[in-house]
Amino acid sequence: MEDSLEEEEKEEKEEKEEKDEKEEKDLINKKRNREKPKKKKGKGYFKKKKEQRKTKQKILNEYYNLKPVIRIENNVRLIEPYEFKYQLYIKRRWLGKKLLEVLESEFHSYNKDYYINAINEGKILINEKKTTEDYILKDNDFLSHLTIRKENPIIFKKIDIVFEDNDYLVVDKPSSWPVHICGAYNFNTLQRILMDEYKYKDIKILHRLDKQTSGIVIFAKNINSAELFRSKLHTDNVQKIYFARVKGDFNNIYKQKELINNNGRIVCKKYIKPLDKSRGIHIDVDDKEVEEFLNNQKNNIKNKSSKKLSDDGVEKFEPKYAETEFEFLFYDNKSNTSVVKCYPKTGRTHQIRIHLKCLGYPIANDPCYGGIIYNDMKEMENPELKEYQYNSEINENKDIFSVSELFCYKIWLHALSYKFDGYAFKTKEPDWADKNYIIENKF
């Protein structure tokens, strides 16, 4: 007994010594960090930054002065292929890497053979000079790529202005329209059409919708209103309601009492993470991985960013909590589909689409998350539109995410309303959310 007491006292003494030693080391480190002089930035640094700003402004001016040929055929908006130059300063993470390696890993629009030919033909330049595929990238290098750009077609539709004042512009985005400029879209985007054709020159994107999703998109007209909205976006102060049309009789899910919350709605709480950000693929996360992630957080094992590399060098992403509530509206026996209201409590990418799939009721015409391609506008199925598909001649991916890129222009998901800080916006209900809407397929 005495021996055990002595051992306990000894352990307590050792623990105290270790704690004191750690505190002393922390104090020394803090002192060193305070005494360490900040490295002053020389004149060369500011000169370089000034030159970069001038170059970026020049690129921006060139970009906004581009005027491609736009055609409207059978309610489809087409952009004729046009010459385009991608221009940018290289990023810090590319330093010391070979040019071809960076092009392959960072820019997935083209394949390796294309990049080799483009470098050899002088279409890809470094500092406006011809280079080689083995060129080692250095600080302040300027990369340019001259190519013929194609854009995927979109549905031609007049933009419905839902609300406008001195602070905000709220519109009803048509399906098939991306919100902002991205790989396959430049002039066929909501932001660019508002700027070029509706003359809204200085609007700031506050959030986004998937290309195939329709509904409310809010733009800010000044920095103060942008900051106000963003400060409330990920809190309960912003209330969002969506409509979705799903496969199956959603009313049956109410038999699972454990899924019903105090509001009488079905609730789905599933962590989500990107599987491949370059192709916009997200997945739900299994309980084991979530538990491991939460334990790491509890033990203060945190990454500086949400991504990390696995042992084999593949990029991995941390899961993020997502929560959505659902409410059944009606079931259509002929098509075997239900219309439901969705109340997202968080704002994760593809959140509603993934949560509906997890519940066993995917959006009926969403091929990426358990549905099938179903188009109610036959003009968008014209095989001739293939000529306009972005990089169709060199895109080698054949999975569902790339095959459906052109023809899956619309899914039955619509952002119906937003409420925040005294504002309330609501669009018209989509035609497919009506009980009399005719669907030829049985899902």
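From a predicted model like this one, the values you see are computed outputs, not experimental measurements.

K.L.:
I keep staring at a nonpolar patch on the surface and nothing clicks. Help me out?
P.N.:
On the surface, Ile70, Ile72 and Phe156 cluster together into a nonpolar patch covering about 250 Å² of accessible area. Looking at the secondary structure, you find Ile70 in strand S1 (residues 70-73). Ile70 sits in the partly exposed class, given a relative accessible area of 36%.

K.L.:
What is the right way to read the sheet that holds strand S5 (residues 129-130) from this model?
P.N.:
What holds strands together in a sheet is hydrogen bonding between their backbones, with the strands either parallel or antiparallel. In space, the 4 strands of this open sheet follow the order S3-S6-S4-S5, with antiparallel pairing throughout. Each edge of the sheet is formed by a strand with only one pairing partner; in this case those strands are strand S3 (82-89) and S5. Here S3 runs beside strand S6 (residues 142-149); their pairing, made up of 8 bridges, is antiparallel. Looking at the pairing, Gln87 lines up with Ser144 of S6.

K.L.:
Teacher, can you tell me more about the packing of aromatic side chains here?
P.N.:
Two measures describe an aromatic ring pair: the distance that separates the ring centres and the angle between the ring planes. By the definition in use, this model includes 23 aromatic pairs. Aromatic side chains Tyr82 and Phe187 sit 5.4 Å apart centroid to centroid with 75 degrees between the ring planes, which places their arrangement in the edge-to-face category. Highlighted residues: Tyr82 in strand S3 and Phe187 in the loop between strand S9 (168-173) and helix H5 (190-196), separated in sequence by 105 residues. Taking the centre distance of 5.5 Å and the plane angle of 70 degrees together, the rings of Tyr271 and Tyr321 count as edge-to-face. One end of the pair, Tyr271, is in the loop between strand S13 (266-269) and strand S14 (272-276); the other, Tyr321, is in the loop between strand S17 (315-317) and strand S18 (323-332), with 50 residues separating them in the sequence. Using a relative accessible area of 17% as the deciding quantity, one classes Tyr271 as buried. Aromatic rings pair up to connect Phe163, Tyr168, Phe229, Phe420, Tyr423 and Phe425 into one cluster.

K.L.:
How do you make sense of the environment of Phe326 when you look at a structure like this?
P.N.:
Relative to the helices and strands, Phe326 is located in strand S18. Overall, Phe326 belongs to the buried group, its relative accessible area being 0%. In sequence terms Phe326 and Phe250 are 76 residues apart; their C-alpha atoms lie 9.6 Å from each other. For Phe326, the contacting residues outside a window of four places in its chain are Phe250, Tyr254, Arg265, Ile266, Cys268, Lys341, Cys342, Ile352, His355, Leu356 and Leu359.

K.L.:
Sorry, what's going on with the pattern of salt bridges here?
P.N.:
Two side chains bearing opposite charge may form a pair once their charged atoms approach each other closely. A complete count under the given rule lists 14 salt bridges for this structure. Salt-bridge contacts for Arg353 lead to Asp366; the nearest nitrogen and oxygen are separated by 2.7 Å. Here Arg353, found in helix H8 (residues 351-359), pairs with Asp366, found in the loop between H8 and helix H9 (400-407); they are 13 residues apart in sequence, far enough to count as distant. Taken individually, Arg353 and Asp366 each receive the classification buried, so the pair is uniform in this respect.

K.L.:
Is there a simple way to explain the sheet that holds S1 in this structure?
P.N.:
Sheet architecture is open: 3 strands sit in the order S1-S2-S7, paired in antiparallel fashion. The sheet is open, and its two borders are formed by S1 and strand S7 (154-155), each paired with just one other strand. Sheet analysis places S1 next to strand S2 (residues 76-79), joined by 4 bridges and oriented antiparallel. In the strand pairing of S2, Glu73 is matched with Val76.

K.L.:
Even after reading the chapter, I still don't get the confidence of the model for the protein chain, so can you show me in this structure?
P.N.:
A low pLDDT means the predicted coordinates there should not be read in detail. Of all residues in the protein chain, 73% have pLDDT values of 70 or greater, and the mean over the chain is 81. By mean pLDDT, the top-scoring element of the protein chain is strand S19 (residues 337-344) (97), and the lowest-scoring one is H9 (44). Throughout residues 1-10 the model reports pLDDT below 50, and contacts reaching past four residues in sequence, or to other chains, amount to 0 contacts. Confidence drops under pLDDT 50 across residues 302-307; counting only partners more than four residues distant or on other chains, this segment forms 11 contacts.

Definitions and cut-offs
Residues numbered from 1 in each chain as written. Predicted model: local features only at pLDDT ≥ 70, side-chain atom pairs only at ≥ 80, totals over all residues. Heavy atoms only, no water. Patch = residues over 30% accessible without salt bridge, like charges linked within 9 Å, V, L, I, M, F, W, Y side chains within 5 Å. Areas by Shrake-Rupley, 256 points an atom, 1.4 Å probe, with all protein chains shown as cover. Salt bridge = Lys/Arg side-chain N within 4 Å of Asp/Glu carboxyl O. Helix = DSSP H or I, 4+ residues; strand = E, 2+ residues; numbered from the N terminus. Buried < 20%, exposed > 50% of the residue type's maximum accessible area, 1.4 Å probe, protein only. Pairing = 2+ DSSP bridges. Phe/Tyr/Trp six-rings, centres within 6.5 Å; stacked < 30°, edge-to-face > 60°. Contact = heavy atoms within 4.5 Å. pLDDT = per-residue confidence, 0-100.

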